[in-house]
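# Structural overview for review
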Amino acid sequence: MHEMALAEELLKISDEAAASAGAEEVLRVRVGVGWLLQVERQSLAFYLEALRRDYPRLEHAVFELDEEAVRVRCRVCGEETEQAGWGFACGACGDRDVEVVAGDRLEVRDMEVRTDDV
Amino acid sequence: MCETQGEGHQHRHLEVHRHAMEANDQVAARLRRGFAARGILVLNLISAPGSGKTALLERTLEQLRPLRVSVLVGDVETERDAERLRRCGVPVAQIVTAGTCHLEAGMVESHLAEVDQRELDVLIVENVGNLVCPSGFDLGEDLKVVLVSTTEGEDKPLKYPAIFHRAELALVTKADLAPHLDFDREELLRNIQAVHPGMEVLEVSAKTGLGLDLWLDWIRAKVEEKQSLHV
Ligand SMILES: Nc1nc2c(ncn2[C@@H]2O[C@H](COP(=O)(O)OP(=O)(O)O)[C@@H](O)[C@H]2O)c(=O)[nH]1
Ligand SMILES: [Mg+2]
Ligand SMILES: [Zn+2]
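So, a few notes on the structure that sits alongside this text. (Residues numbered from 1 in each chain as written. Chains lettered and ligands numbered in written order. Predicted model: local features only at pLDDT ≥ 70, side-chain atom pairs only at ≥ 80, totals over all residues. Heavy atoms only, no water.)

Within chain B, the secondary structure is distributed over eight helices and nine strands. Looking at chain B residue by residue over its 231 residues, the buried ones come to 55%. Sequence-distant contacts in chain B: of pairs separated by 6 or more residues, those separated by 24 or more amount to 72%. Total accessible area computed for chain B in this model is approximately 10400 Å², and 49% of it derives from carbon and sulfur atoms. Here chain B holds 26 positive side-chain charges and 37 negative ones, and the gap between their average locations is 3 Å. (Helix = DSSP H or I, 4+ residues; strand = E, 2+ residues; numbered from the N terminus. Buried < 20%, exposed > 50% of the residue type's maximum accessible area, 1.4 Å probe, protein only. Contact = heavy atoms within 4.5 Å. Areas by Shrake-Rupley, 256 points an atom, 1.4 Å probe, with all protein chains shown as cover. Lys, Arg positive; Asp, Glu negative; His and termini not counted. Charge placed at Lys NZ, Arg CZ, Asp CG, Glu CD.)

Following this line, the structure appears as structure tokens:
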């Protein structure tokens, strides 16, 4: 994946969310890194650090990059199971007819911000 | 929303749940609706640089007639591939990404006017040569096709699993070279199936023409499928 472009999007989304909540400063951002995307977390962290000077609200924010495992839903038995590697299959019945329901996104989940008193 | 009092300011917790590809995905969804409304099949061809995307298209575009085909070809620099493909007598638009290692939906949208969509059955997008970056960028296509040449090594699917997982079809290109190489065909096919069980695989050579019929039939069948959904 293209870590620089992705870092830029994460910064933009975090900054927008902070601005629309009227926040002065972002303290912490929790990011879910889907395993399926094969994002290099170190590279992503590097670009977040390098690009955030364009976003004053994010200057001191701590970015937590949490890996999110792939989960699939089985179209045969309906069970939802976590996957440990490629070649996805239902963990309950073994069928290959599955749909990825988690672990395929890079997401800003939530954040801690500081707002000045009015 | 939990709020804690500080000295003249508050800490607040915000639930966000927005994902990094959302801007691209919105454009891709818009493109997909437009293609569906016109019954156009869109294929996104992805491979490492030099796996033979342009050569394959050069050999097959003319033979797709009477289907009406256009190509959007992405490259980091130069119009060379577009010039090669225009000789096949189909409308071709070059997207020069100027450094970006993948195509994004917005680039496709801004070049669509260069190919006449009213007169089209198939739009083929030749992505920028790269097995990693293009895989996550939805272009509004129906299907991704991944190409891997016999000269690249049997472990490509294991090293770049995301694209093999996402693509519908794998084309093993430069099949004519296989006898001259230490190419372990079975090993490559096994690795593809390990990443994407049941994946369709076709072996082709743009040089000798081997397997090209099956590739053309595959496209024709997908066009038929798409047009049957289009009322
Ligand atoms: N022997 C052989 N060479 C091929 C074949 N297909 C492509 N090539 C060569 O591989 C090189 C790269 O091909 P090209 O189509 O430009 O790759 P692209 O970067 O994926 O578009 C060129 O020198 C082609 O002549 C093939 O089927 N057999
Ligand atoms: Mg090319
Ligand atoms: Zn099941």
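Attention now moves to helix α8 (residues 212–229) of chain B. Residue and element names in this part refer to chain B. The end-to-end C-alpha distance of α8 is 26 Å, a good match for the 26 Å that 18 residues give at a rise of 1.5 Å each. Taken as a whole, α8 has its buried residues at Leu-212, Trp-215, Leu-216, Trp-218, Ile-219, Lys-222, Val-223 and Lys-226. Buried residues of α8, viewed axially, fall in a sector of 155°; they line one side. Exposed side chains of α8 directed beyond 90 degrees from the buried face belong to Asp-213, Leu-214, Glu-224 and Ser-228. (Expected span 1.5 Å × (residues − 1). Arc of directions from axis to C-beta.)

Turning our eyes to something else, we now look at the interface of chain B and chain A. Contact residues are listed per partner, giving 30 residues for chain B and 32 residues for chain A. At the boundary of chain B with chain A, total buried surface from both sides reaches about 2800 Å², with 59% on carbon and sulfur atoms. The tally of links between chain B and chain A comes to one salt bridge. Residue Arg-18 of chain B pairs with Glu-16 of chain A through a salt bridge whose shortest N-O separation is 3.0 Å. Inspection of the region where chain B meets chain A yields 13 residue pairs in polar contact (both at pLDDT 80 or more). Elements represented by at least two residues in the side of chain B that touches chain A include exactly β2 (9–19), α1 (22–38), α6 (161–166) and α7 (185–195) of chain B. (Buried area = accessible area lost by both parts, 1.4 Å probe. Salt bridge = Lys/Arg side-chain N within 4 Å of Asp/Glu carboxyl O. Polar contact = N/O pair within 3.5 Å; in protein donor to acceptor, adjacent residues only side chain to side chain.)

Attention shifts here to the packing of helix α1 (residues 3–20) of chain A against helix α2 (residues 41–51) of chain A. In a packed pair of helices, the relevant descriptors are the angle between the two axes and the axis-to-axis distance. Residues and elements named next belong to chain A. One can describe the packing of α1 onto α2 by two numbers: an axis separation of 8 Å at closest approach and a directional angle of 55°. When the axes of α1 and α2 are compared, the pair comes out oblique. Here the hand of the crossing between α1 and α2 comes out right-handed. Residues Glu-3, Met-4, Leu-6, Ala-7, Glu-8, Leu-10 and Leu-11 of α1 lie in contact with α2, whose contacting residues are Ser-43, Leu-44, Tyr-47, Leu-48 and Leu-51. Broken down by class, the residue content of the contact of α1 with α2 amounts to nine nonpolar, one polar and two charged. (Axes fitted to C-alpha atoms, helices over the stretch in contact; angles between N-to-C directions. Parallel < 35°, antiparallel > 145°, perpendicular 65-115°, else oblique. Left-handed = near helix turned anticlockwise from the far one by under 90°. Nonpolar A, V, L, I, M, F, W, Y, C, P; charged D, E, K, R; others polar.)

Residues and elements named next belong to chain A. With antiparallel pairing, the three strands of this open sheet are ordered in space as β4-β3-β5. One side of each edge strand has no neighbouring strand; the edge strands of this open sheet are β4 (80–82) and β5 (98–102). Adjacent strand axes in the sheet meet at a mean angle of 35° when their direction is disregarded. Pairing of strand β3 (residues 71–74) with β4, which is carried by three bridges, proceeds in the antiparallel orientation. Paired with Val-72 across the bridge in β4 is Thr-81. (Pairing = 2+ DSSP bridges.)

In short, the description is geometric, and any link to function would need to be established separately.
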